[in-house]
Amino acid sequence: MNTRITRTLQELGNGLYAWVQGDGSWGWSNSGLVVGEDGQTLVVDTLFTGALTQDMLDAYAKAEPAAAKIDVLVNTHSNGDHTFGNHLVGDARIIASEATREEMEERPAGFFKAASANPAAYGVFGEFLHEYMGKTFDFSDIEHVAPTEVFKGSRTLHVGGRRVELTELGPAHTRGDIIVYLPDSKVCYTGDLVFHGGHPIMWAGPVGNWIAACDHILGLDVDVIVPGHGAVSDKSAVQGLRDYFTHILAETKACYDAGLDWEAAAFEVGYANFDSWLDRERVVANVATIYRDLSGGKVNPAQEDVLRQMLRYSKGANCPHDAPCGCGKAH
Ligand SMILES: [Zn+2]
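As the structure is a computational prediction, the values presented were derived from the model and not from experiment.

Undergrad: I keep staring at the environment of R7 and nothing clicks. Help me out?
TA: Structurally, the position occupied by R7 is in strand β1 (residues 7-13). By relative accessible area, which is 31% here, R7 ends up partly exposed. Excluding its chain neighbours within four sequence positions, the residues that come into contact with R7 are W19, V20, Q21, L52 and D55. Among the polar contacts listed, one links the side chain of R7 to the side chain of D55, at a separation of 2.9 Å.

As structure tokens, this is what we get:
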């Protein structure tokens, strides 16, 4: 594990906390804690490994003794960096969207454990996992624990008398993204509907849904945004992300209209003001999903191809073909 990463418990006031991990790059996700007046507790998301999750839960309990017992866990979406520590919340109720539970069943923790232990046997997925996550995280202590309660649309919880509003705004990052909103404190835990300081990755889309999700969050009475990855912020992080998607959509559409295939487009789109954002290889996945949207599903890039091109992209390739392809670009 990369011990140079800074993990910080940030007090937001009014019994609310954020656990922020490093710069928010691959696998370094955030979590949240809500404490009600009667000591009831709600946690937003677990982390990528058992050890990381336990450290976080210990920090929560140190800051708020009531958090030694977690009453409710909300999973904002299915990805392992938000769910692989679910086994550490005791007998807490675990709440997520129905689509999130389905996704968790499709690719459970055991699959990651096996693939990270033997990446060569898992083809391009194994390579992807090893390159971006397996080198950094030790998956030997992860477990699959599914949500115990699911919903569609929206659901309101009461945690020690506090109103906690869950709203499903996916499919966007994944098929079942939800946000967790505390109207009494004007705080929103967005899960991976907001990446702050890094490129978002659109596994599911459509892009129009993600832009609409940004608009929904921008329309809330909210002062503090706790993103799924990156530093705690305010609505400016959401507006920045919305600008990113409208920019990438316009760039991708120009390539689509010019007749480029999706792989060529992925290497063609420019970032404009987003050049400093982390994990730029994710643009490959975003372009692939936008091509699917623009073509009405006729172009449907296989995940294997998306992962392969992301790997090539982050290793510095300038075009989607293996040399010599005659495209005239450096390889
Ligand atoms: Zn994440």
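There is more to say after this.
Undergrad: I keep staring at the coordination of the zinc ion and nothing clicks. Help me out?
TA: When a metal carries six donors in an octahedron, the ideal angles between them are 90 or 180 degrees, while four donors in a tetrahedron ideally lie at 109.5 degrees. Listed as protein donors to the zinc ion are D81 (OD), H82 (NE2), D192 (OD) and H229 (NE2); their distances from the metal cover 2.1 to 2.4 Å. Coordination of the zinc ion draws on donor residues from a single chain, spaced D-H-x109-D-x36-H in sequence. Here D192 is found in strand β11 (residues 187-195), whereas its partner H229 is found in strand β12 (residues 224-229), with 37 residues between them in sequence. Given the relative accessible area of 2%, D192 is considered buried.

Undergrad: I keep staring at the packing of aromatic side chains and nothing clicks. Help me out?
TA: Each aromatic ring pair is summarised here by two numbers: the centre-to-centre distance and the angle between the ring planes. Under the criterion given, the structure shown has 22 aromatic pairs. On the numbers, 4.8 Å between centres and 15° between planes, the contact of W26 with Y132 is stacked. Note that W26 is positioned in the loop between β2 (16-21) and β3 (31-35) and Y132 in helix α4 (residues 123-134), a separation of 106 residues in sequence. Classification of Y132 as buried rests on a relative accessible area of 9%. Between F128 and W203, the ring centres sit 6.2 Å apart and the planes meet at 90°, which makes this aromatic pair edge-to-face. Here the residue F128 occupies a position in helix α4, and W203 occupies one in the loop between β11 and α5 (207-218), the gap between them amounting to 75 residues. Sitting over the face of the ring of F125, R107 holds its NZ or CZ atom 4.4 Å from the ring centroid. Residue placement shows R282 over the ring face of W26; its charged tip is 4.1 Å from the ring centre.

Undergrad: How should I be thinking about the nonpolar core in this particular structure?
TA: In summary, soluble globular proteins display a tendency toward joint burial of nonpolar side chains. Counting 81 residues, the largest nonpolar core has F128, M133, W210, V283 and M310 as the members making the most contacts within it. Here this core spans two domains, since at least three of its residues come from each of domain 1 (7-235) and domain 2 (245-314). Apart from residues no more than four positions distant in its own chain, V283 is found in contact with Y244, I248, A266, V269, Y271 and Y313. V20, I178, V187 and Y189 belong to the second-largest nonpolar core, a separate cluster that totals 21 residues.

Undergrad: Would you take a moment to explain the pattern of salt bridges for this structure?
TA: Where side chains of opposite charge bring their charged atoms close, a pairing between them can arise. The tally for this structure, following the rule as stated, stands at 19 salt bridges. Note that E127 is salt-bridged to K315, the shortest N-O span being 3.3 Å. Residue E127 is located in helix α4, and its partner K315 is located in the segment after α9 (303-314); the two are separated by 188 residues in the primary sequence. Owing to a relative accessible area of 39%, E127 belongs among the partly exposed residues under this scheme. Look at the salt bridges and you will find they share partners, linking E102, E103, E106 and R175 into a network.

Undergrad: Even after reading the chapter, I still don't get the pairing of β11, so can you show me in this structure?
TA: Successive residues of a regular strand alternate their side chains across the two faces of the sheet. Among the nine residues in β11, nine count as buried, and that is most of the element. Looking at chain direction, strand β10 (residues 178-182) and β11 are connected through three bridges and run antiparallel. Residue pairing for β11: Y181 is matched across the bridge by C188. Where β11 lies against β12, five bridges are found, and the strand directions are parallel. Counterpart to G191 in the pairing with β12 is P227. You can see the chain leave β11, run along α5 and come back into β12, and the turn it takes is right-handed.

Undergrad: Where do I start with the sheet that holds β11 in this structure?
TA: Backbone-to-backbone hydrogen bonds join strands into a sheet, with any given pair of strands oriented parallel or antiparallel. The five strands lie next to each other as β8-β9-β10-β11-β12, forming an open sheet whose pairing is mixed. The strands lining the two open edges of the sheet, one partner per strand, are β8 (154-159) and β12. Pairs of neighbouring strands in the sheet enclose a mean axial angle of 25°, with direction left out of account. Where β8 meets strand β9 (residues 162-168), six bridges bridge the pair, whose relative direction is antiparallel. Looking across to β9, one finds that T156 is bridged to E165.

Undergrad: When you look at the packing of helix α6 (residues 235-257) against helix α8 (residues 282-294) in this model, what are you seeing that I'm missing?
TA: Helices that pack against each other are described as a pair by the angle of their axes relative to one another and the distance between those axes. Across the interface, α6 lies against α8 with an axial gap of 10 Å and an inter-helix angle of 65°. Between α6 and α8 lies a crossing of right-handed hand. For the pair α6 and α8, contact is made by Y244, I248, L249, T252, K253, C255 and Y256 and by V283, N286, V287, I290, Y291 and L294, respectively. Here the residues of the contact of α6 with α8 sort into 10 nonpolar, two polar and one charged.

Undergrad: Would you mind going over the domain arrangement of the protein chain with me for this structure?
TA: How big an interface is tends to be stated in terms of accessible area lost as the parts join. What the domain assignment reports for the protein chain is domain 1 (7-235) and domain 2 (245-314). Taking only C-alpha atoms, the centre of domain 1 and the centre of domain 2 are 26 Å apart. In this complex, domain 1 contributes 24 residues to the contact, which on the side of domain 2 involves 24 residues. Summing the contributions of domain 1 and of domain 2, the shared interface buries around 2,300 Å²; its carbon and sulfur component is 66%. Looking only at domain 1, the three residues that lose the most surface to domain 2 are V124, H199 and M202, adding up to 30% of its buried area. At the boundary of domain 1 with domain 2, the tally comes to zero salt bridges. The interface formed by domain 1 and domain 2 holds 13 residue pairs in polar contact (both at pLDDT 80 or more) in total. Elements represented by at least two residues in the side of domain 1 that touches domain 2 include exactly α4 and α5. Broken down by element, the residue count for the side of domain 1 that touches domain 2 peaks at six residues, all from α4. Of the residues contributing to the side of domain 1 that touches domain 2, the split by class is 15 nonpolar, five polar and four charged.

Rules and cut-offs
- Residues numbered from 1 in each chain as written.
- Predicted model: local features only at pLDDT ≥ 70, side-chain atom pairs only at ≥ 80, totals over all residues.
- Heavy atoms only, no water.
- Helix = DSSP H or I, 4+ residues; strand = E, 2+ residues; numbered from the N terminus.
- Buried < 20%, exposed > 50% of the residue type's maximum accessible area, 1.4 Å probe, protein only.
- Contact = heavy atoms within 4.5 Å.
- Polar contact = N/O pair within 3.5 Å; in protein donor to acceptor, adjacent residues only side chain to side chain.
- Donors = N, O, S within 2.8 Å, 3.2 Å for Na, K, Ca; no water.
- Phe/Tyr/Trp six-rings, centres within 6.5 Å; stacked < 30°, edge-to-face > 60°.
- Lys NZ or Arg CZ within 6 Å of the ring centre and 35° of its normal.
- Core = buried A, V, L, I, M, F, W, Y, C linked by side-chain atoms within 4.5 Å.
- Domains from an automatic or database assignment.
- Salt bridge = Lys/Arg side-chain N within 4 Å of Asp/Glu carboxyl O.
- Pairing = 2+ DSSP bridges.
- Right-handed = clockwise from strand over helix to strand, strands pointing away.
- Axes fitted to C-alpha atoms, helices over the stretch in contact; angles between N-to-C directions.
- Left-handed = near helix turned anticlockwise from the far one by under 90°.
- Nonpolar A, V, L, I, M, F, W, Y, C, P; charged D, E, K, R; others polar.
- Buried area = accessible area lost by both parts, 1.4 Å probe.

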